[in-house]
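Residue-level structure breakdown
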Amino acid sequence: MIDIHEIYFITSNDHKVEEANRILSQFGICLRKSNIKKLEIQSNSLEKIVKYSALYAMKKLKSELIIEDSGLFIKKLNGFPGPFSSYVYKKLGCDGILKLMQNISDRRALFKCVVGYCSPNVKPILFCGICYGNISNEARGSYGFGFDPIFIPDNSNGRTFSELLPEEKDKFSHRGIAFRKFGLWYISNIAKP
Ligand code: ITT
């Protein structure tokens, strides 16, 4: 029988939990959502935000845990919304970003995800994933969440994340890359047979 490793995931976002668990199941890891309050400092660096949040959560939970911070960085908007993606999505949504991008022909953008793991014995260790692509001219597709309908990852034949099946998104996505790095590290360093 395969042992399943359960780790707390400090997040309010059910979509993140679903995506992470889809990716981590191949490593025998299952993330369990924890609703303890996540403290997020204001910073331009996802890495700094994740490190700080992980240490803060560890003080409360005293158990191994995962924190993840992600964002959409648009080149011609100097990286906006970046670390403020969650707030901007809630206030402006995909339509607001499309309006900001009206008349901008360079639509290069990237999604970045930083996953932080720590335990009572392990200081926060970070795993990063970046997915390059473009902002579409209109929202398309019905899968996924957040800015998925307006992000066309490279090598997707022009389809937005929302037009890809969830498993296809995992192959390209920032979250897929970061959590696969974490899974590989975890099974070779922490969950050794
Ligand atoms: P927690 O902080 O509680 O984990 P959150 O949704 O607020 O949840 P972030 O602060 O990391 O998470 O915000 C990232 C935002 O960026 C998220 O709310 C989405 O709007 C957007 N985002 C991140 N990854 C995405 C993805 O794969 N597809 C679409 N949008 C994404």
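Procedures and definitions
- Residues numbered from 1 in each chain as written.
- Predicted model: local features only at pLDDT ≥ 70, side-chain atom pairs only at ≥ 80, totals over all residues.
- Heavy atoms only, no water.
- Helix = DSSP H or I, 4+ residues; strand = E, 2+ residues; numbered from the N terminus.
- Rg over C-alpha atoms; globule rule 2.2 N^0.38 Å.
- Buried < 20%, exposed > 50% of the residue type's maximum accessible area, 1.4 Å probe, protein only.
- Contact = heavy atoms within 4.5 Å.
- Areas by Shrake-Rupley, 256 points an atom, 1.4 Å probe, with all protein chains shown as cover.
- Pairing = 2+ DSSP bridges.
- Right-handed = clockwise from strand over helix to strand, strands pointing away.
- Near = heavy atom within 4 Å.
- Polar contact = N/O pair within 3.5 Å; in protein donor to acceptor, adjacent residues only side chain to side chain.
- 1 Å grid on protein atoms, 1.4 Å probe; cavity = no way out; pocket = protein on both sides within 12 Å on 5 of 7 lines; lining within 4 Å.
- Sits in = over half its atoms within 2 Å of the grid points.
- Nonpolar A, V, L, I, M, F, W, Y, C, P; charged D, E, K, R; others polar.

This next bit is on the overall build of the chain. When helices and strands are tallied, the chain shows five helices and six strands. Put simply, the chain runs from its N terminus to its C terminus through helices and strands in the order β-α-β-α-β-α-β-β-β-α-α. Taking 193 residues into account, the globule formula puts the C-alpha radius of gyration at 16 Å, and the chain, at 17 Å, falls close to it. For the chain, the spread of C-alpha atoms along the three principal axes comes to 55 × 35 × 20 Å. The buried share of the chain, taken over its 193 residues, is 48%. Of all intrachain contacts in the chain linking residues separated by at least 6 positions in sequence, the fraction that spans at least 24 positions is 58%. Of the roughly 10,200 Å² of accessible surface on the chain, a fraction of 53% belongs to carbon and sulfur atoms.

Moving on, we come to the pairing of strand β1 (residues 5-10). Of the pairings in the sheet, the one linking β1 to strand β2 (residues 29-34) comprises six bridges and is parallel in character. When the sheet's bridge partners are listed, Phe9 is paired in β2 with Lys33. Handedness of the β1-helix α1 (residues 14-24)-β2 crossover: right-handed. Sheet analysis places β1 next to strand β3 (residues 65-74), joined by two bridges and oriented parallel. What sits directly across from Tyr8, in β3, is Leu65.

Time to look at unusual backbone geometry. In the segment running from Phe80 into Pro81, the intervening peptide bond is cis, with an omega of -5°. Positive phi, close to 55°, is recorded for Asn78, a residue that is not glycine. Looking at where Asn78 falls in the secondary structure, it is placed in the loop between β3 and α3 (85-100). Judged by relative accessible area, which is 76%, Asn78 ranks as exposed. Despite not being glycine, Asn157 has its phi angle at roughly 55°, a positive value. You can see Asn157 is positioned in the loop between β6 (151-153) and α4 (166-172). Exposure remark for Asn157: the relative accessible area of 76% places this residue in the exposed category.

Contacts to the ligand come from 20 residues, most closely from Thr11, Ser12, Lys38, Asp148 and Lys169. Taking Asp69, its side chain carries an N or O atom lying 3.1 Å from an oxygen atom of the ligand. Between the ligand and Lys169, the relevant distance is 2.7 Å, taken from an oxygen atom to a side-chain nitrogen or oxygen of the residue. Starting from 600 Å² of accessible surface for the ligand in isolation, the protein chains cover 93%. Put simply, the ligand lies in the largest pocket. Residue assignment for the shell around the ligand shows that the elements contributing at least two residues are β3, α3 and α5 (174-189). Counted by class, the shell around the ligand contains four nonpolar, eight polar and eight charged residues.

Summarising burial for β3: 10 of the 10 residues are buried, a large majority. Here β3 shows no split at all, with Leu65, Ile67, Asp69, Gly71 and Phe73 on one side and Ile66, Glu68, Ser70, Leu72 and Ile74 on the other all buried. For β3 and strand β4 (residues 108-119), the ladder comprises 10 bridges, and the chain directions are antiparallel. Note that in β4 the partner of Ile66 across the bridge is Tyr117.

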